[in-house]
Amino acid sequence: MVAHRFKRVLVMEIKALKRLSFFVLSVAILGVPGVCGGYEIPQFADVTVHDPDVIKVGHIYYVFGSHLSSAKSTDLIKWEQVSVDLQPGSTGNRLVPDIFEEFREVFELIGTKDTWAKTVIMLNGKYYMYFSVSTWGSSKSAIALATSENIEGPYRYEGIVLTSGFEETYDPLIHPNAIDPHVFWDKENRLWMVYGSYFGGIYILEMDPETGLPCEQGYGKRLAGGFHAPMEGPYILYSPHTDYYYLFLSFGTLSYSGGYNIRVARSKEADGPYYDSMGNDMRGARGNALDSYGTKIVGNFRFTESGIGYVSPGHNSAYYDSELDKYFVFFHTRFPRMGEVHNLRVHQMFFNYEGWPIMTPHRYGGETLESYSEAEVAGIYQYINHGRDTSSHIKESTNIELKQDGSILREGDVCGGWELSSNGCIELTIDGREYDGVVLKQWDNGLKKEVMVFAALSTENGVSIWGSKISN
């Protein structure tokens, strides 16, 4: 199947049309206390939730993660911890008060007393929590189910949904690991579960909405990976604006030195096949060529002027809020020189004119997308090119200047050009590569001020770039 690539002539035609109608999602500001020069300062409150999966109930956003941690927020800025990581031998967790008794069956099967990534969905008038149970490096894993009448619990054990690694015919090179579930509805109201990781790759199963269990026996259909390709944390989001399903994956491993980074591919069907922006079928994403697959939206970085940076950002979920008409990406991240300490982060997400997601450089603070003049955008920026690698290396920003005449300078020499279009959209050419994205104002929590930023993507090589302004 030919992937979704545009020939040069089509790109030129689309860019001409883009001047009239450039597809980007508009955003509306959420009020937060504190004012600085007329700008409402975000009052961030952090929480710790590893492998966050999002669900919105009423006006409240909830995230559920590994080890029974969870948190909630009404504005995606100020978060409140609902439950904390399960401690060895402890009881009294708000989600599952006596987890060792409640989940005894699956714990005894796997030989552990902890839960990993989970997903929560409303089904049959209850909240269904699918959770994974495994031990590090083992393919003997299980996805189990617990339900509750209340989103905050208590959840009662219902049984095992899927296991892996127990069959005599199990081949860890081609069969999946039963962890990291995400259960979701497609646009035709069919229920699916995407799951998997290292070992045989990422798989998808159709689910029975009456029972919440797989429609058929077996592992389902492979979407990506295999042969011990280091990828995990699959999440599928449907966009009604682009009419694509987006498969998010985390390449690498989760530790500080593991090089976690978030990549995306898309398909017109929930069960694939999924292709990245370069036209690669994600079923081929394995082996030594792994880094050439997946459109990368964020990896290790640090803005040197403001000090803001992430290490091993990953295992994300994503959400389209139809009331606000906004897209968000939720993930956990570690930080430069802080070891395994991690927190939840939420960034706003847009789509460029070819329908590929781009993530904003700073965490969501209630910003509004607007149209800006060349004079407002021109200036010196901290610049990050996220590249295509999966490594522990932290990319440090360099400075580039967007001149008002449309040129881009690096260390005084011209390295490209830029051009604004309507609705806060921007085209940049840097070192001969074209990038399309957005410009908007965000709160820089390191510099403690509102700054102009840009976020853009090259669909040709699947690389994202960011800029955060430091001077006019």
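In this report, the structure presented in the accompanying data block is examined. (Residues numbered from 1 in each chain as written. Predicted model: local features only at pLDDT ≥ 70, side-chain atom pairs only at ≥ 80, totals over all residues. Heavy atoms only, no water.)

**Regarding the overall build of the protein**
Thought 1: A count of helices and strands for the protein gives four helices and 33 strands.
Thought 2: Expressed as lengths along the three principal axes of its C-alpha atoms, the size of the protein is roughly 65 × 50 × 40 Å.
Thought 3: Sorting the 472 residues of the protein into buried and exposed places 60% on the buried side.
Thought 4: In the protein, of all internal contacts separated by at least 6 residues, the share reaching a separation of at least 24 is 55%.
Thought 5: Surface accessibility of the protein: about 17,900 Å² in total, with carbon and sulfur atoms responsible for 49%. (Helix = DSSP H or I, 4+ residues; strand = E, 2+ residues; numbered from the N terminus. Buried < 20%, exposed > 50% of the residue type's maximum accessible area, 1.4 Å probe, protein only. Contact = heavy atoms within 4.5 Å. Areas by Shrake-Rupley, 256 points an atom, 1.4 Å probe, with all protein chains shown as cover.)

**Digging into unusual backbone geometry**
Most peptide bonds adopt trans geometry, and most residues besides glycine take a negative phi value.
Thought 1: Of the consecutive residues G153 and P154, the connecting peptide bond is found in the cis state with omega at 5°.
Thought 2: With an omega of 5°, the peptide bond between G272 and P273 qualifies as cis.
Thought 3: Structurally, P273 can be placed in the loop between β18 (261-267) and β19 (295-298).
Thought 4: A positive phi angle, near 60°, is found at D51, a position not held by glycine.
Thought 5: One non-glycine residue, K448, lies in positive phi territory at about 60°.
Thought 6: Mapped onto the elements of the fold, K448 is located in the loop between β31 (433-444) and β32 (449-458).

**Looking at the side chain of S250**
Thought 1: Mapped onto the fold, S250 is located in strand β17 (residues 244-251).
Thought 2: Accessibility expressed as a relative area gives 0% for S250, which makes it buried.
Thought 3: Within the local environment of S250, its side chain forms a polar contact with the backbone nitrogen of H315, the two atoms lying 2.6 Å apart.
Thought 4: If sequence neighbours within four positions are ignored, S250 has contacts with P230, M231, E232, Y260, N261, I262, G314, H315 and N316. (Polar contact = N/O pair within 3.5 Å; in protein donor to acceptor, adjacent residues only side chain to side chain.)

**Some words on empty space enclosed by the protein**
Thought 1: Under the counting rule described, the total for this entry stands at three cavities of 30 Å³ or more.
Thought 2: Computed from the structure, the largest cavity encloses a volume of approximately 70 Å³.
Thought 3: Every residue lining the largest cavity is counted, 13 residues in all, and those nearest its centre are D53, P181, P234, Y235 and H315.
Thought 4: Listed by contribution, the elements that provide at least two residues to the lining of the largest cavity are β16 (231-239) and β21 (309-321).
Thought 5: Size it by volume and the second largest cavity reaches roughly 50 Å³.
Thought 6: Surrounding the second largest cavity, G259, Y260, N261, K296, G299, N300, D389, T390, S391, H393 and K395 form its lining.
Thought 7: For the lining of the second largest cavity, a count of residues per class yields one nonpolar, seven polar and three charged. (1 Å grid on protein atoms, 1.4 Å probe; cavity = no way out; pocket = protein on both sides within 12 Å on 5 of 7 lines; lining within 4 Å. Points joined across faces, edges and corners; volume = space filled by probe spheres on them. Nonpolar A, V, L, I, M, F, W, Y, C, P; charged D, E, K, R; others polar.)

**Some points on a nonpolar patch on the surface**
Thought 1: Taken together, the side chains of L173, I174 and F227 present a nonpolar region at the surface, about 240 Å² in accessible area.
Thought 2: A residue is classified by how much of its surface remains accessible, and F227, at 40% relative accessible area, is partly exposed. (Patch = residues over 30% accessible without salt bridge, like charges linked within 9 Å, V, L, I, M, F, W, Y side chains within 5 Å. Salt bridge = Lys/Arg side-chain N within 4 Å of Asp/Glu carboxyl O.)

**With respect to the side chain of H50**
Thought 1: Turning to its location among the elements, H50 is positioned in the loop between β2 (39-40) and β3 (53-57).
Thought 2: Under the relative-accessibility criterion, H50 is labelled buried at 6%.
Thought 3: A polar side-chain atom of H50 sits 3.0 Å from a polar atom in the side chain of D51.
Thought 4: Apart from residues no more than four positions distant in its own chain, H50 is found in contact with G65, S66, S69, L254, H332, R334 and H342.

**Some remarks on the packing of aromatic side chains**
Any two aromatic rings considered together are summarised by their centre-to-centre distance and by the angle between their planes.
Thought 1: If you walk through the whole model with that rule in mind, you get 22 aromatic pairs.
Thought 2: Between F301 and F303, the ring centres sit 5.4 Å apart and the planes meet at 70°, which makes this aromatic pair edge-to-face.
Thought 3: With relative accessibility at 0%, the residue F301 sits in the buried group.
Thought 4: The class of F303 is buried, set by a relative accessible area of 0%. (Phe/Tyr/Trp six-rings, centres within 6.5 Å; stacked < 30°, edge-to-face > 60°.)

**Section: the pattern of salt bridges**
Thought 1: Scanning the model with the defined rule gives 21 salt bridges in all.
Thought 2: Here K221 and D271 are joined by a salt bridge, their closest N and O atoms 3.7 Å apart. Taken together, the residues K221 in strand β15 (residues 221-224) and D271 in the loop between β18 and β19 connect sequence positions 50 residues apart.
Thought 3: A relative accessible area of 34% means that K221 is categorised as partly exposed.
Thought 4: The partner of D389 in a salt bridge is K395, and the shortest N-O contact between them spans 2.6 Å.
Thought 5: According to the relative accessible area criterion, D389 is partly exposed, its value standing at 26%.
Thought 6: Exposure remark for K395: the relative accessible area of 15% places this residue in the buried category.
Thought 7: Three or more residues are tied together by salt bridges with common partners; here these are D46, R345 and R363.

**Concerning the layout of surface pockets**
Thought 1: Considering only enclosed or pocket space, the largest pocket measures out at about 550 Å³ in volume.
Thought 2: Taken together, 22 residues make up the lining of the largest pocket; nearest its centre are F184, Y235, L237, Y319 and Y320.
Thought 3: Put simply, the parts of the chain that give the lining of the largest pocket at least two residues each are β3, β7 (118-123), β11 (182-185), β16 and β21.
Thought 4: Here the lining of the largest pocket is composed, by residue class, of 16 nonpolar, three polar and three charged.
Thought 5: Here the second largest pocket is characterised by a volume of approximately 480 Å³.

**Here we look at the pairing of β18**
Thought 1: β18 sits mainly inside the fold: seven of its seven residues count as buried.
Thought 2: Residue alternation in β18 divides its side chains into two sets, N261, R263, A265 and S267 and I262, V264 and R266, and both sets are buried.
Thought 3: In this sheet, β18 lies alongside β17 in antiparallel orientation, the contact comprising seven bridges. Of the residues in β18, the one forming a bridge with Y246 is R266.
Thought 4: In this sheet, β19 lies alongside β18 in antiparallel orientation, the contact comprising three bridges. Opposite V264, over in β19, you have T295 as the bridge partner. (Pairing = 2+ DSSP bridges.)

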